[in-house]
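Structure assessment
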Amino acid sequence: MTRKFTVRVDLDLCVGNAMCRAEAPDVFIATDDGQSVVAEGGSETKSLEEFLQIAHDCPVSAIYVEDNDTGERLDDGDR
Ligand code: SF4
């Protein structure tokens, strides 16, 4: 069974360096403040492995990849 997950950005952590938007411009969009949010339906556009890599690349671990069933954080960022 394919694992269902949701990607989101913690705006308390995001420093707006736009790295995620460069990696996945179809998924992450800029807010007026220059931070990033996940576009509607964006979590369904890439594989879990791809999102885990993007989350890993965020310098402040602001990108969360969460299991839809358990709420478990799947990426390797600090809580
Ligand atoms: S890579 Fe991380 S810090 Fe940079 S804009 Fe994206 S979520 Fe924010």
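Further up the page is the structure itself.
This text gives an overview of the structure that appears in the document. (Residues numbered from 1 in each chain as written. Predicted model: local features only at pLDDT ≥ 70, side-chain atom pairs only at ≥ 80, totals over all residues. Heavy atoms only, no water.)

**Considering the overall build of the chain**
Let me state the cut-off plainly: For helices the rule is a DSSP run of H or I covering at least 4 residues; for strands it is a run of E covering at least 2, with both sets numbered from the N terminus onward. Radius of gyration means the value over C-alpha atoms here, while the globule rule gives 2.2 Å times the residue count to the 0.38 power. For every residue, the accessible area (1.4 Å probe, protein chains only) is compared with the maximum for its type, and the residue is labelled buried under 20%, exposed over 50%, or partly exposed between those bounds.
Looking only at helices and strands, one finds two helices and four strands in the chain. The C-alpha radius of gyration computed for the chain amounts to 12 Å, which stays within 12% of the reference 12 Å derived for 79 residues, consistent with globular compactness. Along the first, second and third principal axes, the C-alpha set of the chain runs to 40 × 25 × 15 Å. Within the chain, the fraction of its 79 residues that count as buried is 39%.

**Some thoughts on the pattern of salt bridges**
It is possible for side chains of opposite charge to pair when their charged atoms get near one another. Put simply, the rule reads: Note on definitions: salt bridges are taken to be side-chain nitrogens of Lys or Arg within 4 Å of carboxyl oxygens of Asp or Glu.
If you walk through the whole model with that rule in mind, you get five salt bridges. Among the salt bridges present, the one from R3 reaches D67, with a minimum N-O distance of 2.6 Å. Of this pair, R3 sits in the segment before β1 (5–9) while D67 is found in strand β4 (residues 63–67), placing the two residues 64 residues apart along the sequence. Overlapping salt bridges, with partners in common, bring together R3, D67 and E72 in one network.

**As for the packing of aromatic side chains**
Going by this rule: Ring pairs are drawn from Phe, Tyr and Trp, using the six-membered ring of Trp, whenever the two centres fall within 6.5 Å, and their geometry is named by plane angle: stacked under 30 degrees, edge-to-face over 60, tilted for the rest.
For the coordinates displayed, the defined rule picks out one aromatic pair. Where F5 meets F51, the ring centres are 5.9 Å apart and the plane angle is 70 degrees; that geometry is what we call edge-to-face. One end of the pair, F5, is in strand β1; the other, F51, is in helix α2 (residues 48–57), with 46 residues separating them in the sequence. The exposure class of F5 is buried, given its relative accessible area of 12%.

**Concerning the pairing of β1**
Going by this rule: Any two strands with at least two DSSP-identified bridges between them are counted as paired.
Covered by surrounding structure in β1 are F5, V7 and V9 only, the residues T6 and R8 on the alternate face being uncovered. As paired elements, β1 and β4 share five bridges and run antiparallel to each other. By the bridge assignment for β4, T6 is matched with E66.

**Re the site of the ligand**
We count it as follows: Nearness of a residue to a molecule or strand requires only that one of the residue's heavy atoms be within 4 Å of it. Amino acids outside the nonpolar list (Ala, Val, Leu, Ile, Met, Phe, Trp, Tyr, Cys, Pro) and the charged list (Asp, Glu, Lys, Arg) are all regarded as polar, and Gly is one of them.
Near the ligand you find V9, C14, V15, G16, N17, A18, M19, C20, S36, C58, V60 and I63, and these make up its full shell. Tallied by class, the residues present in the shell around the ligand amount to nine nonpolar, three polar and no charged.

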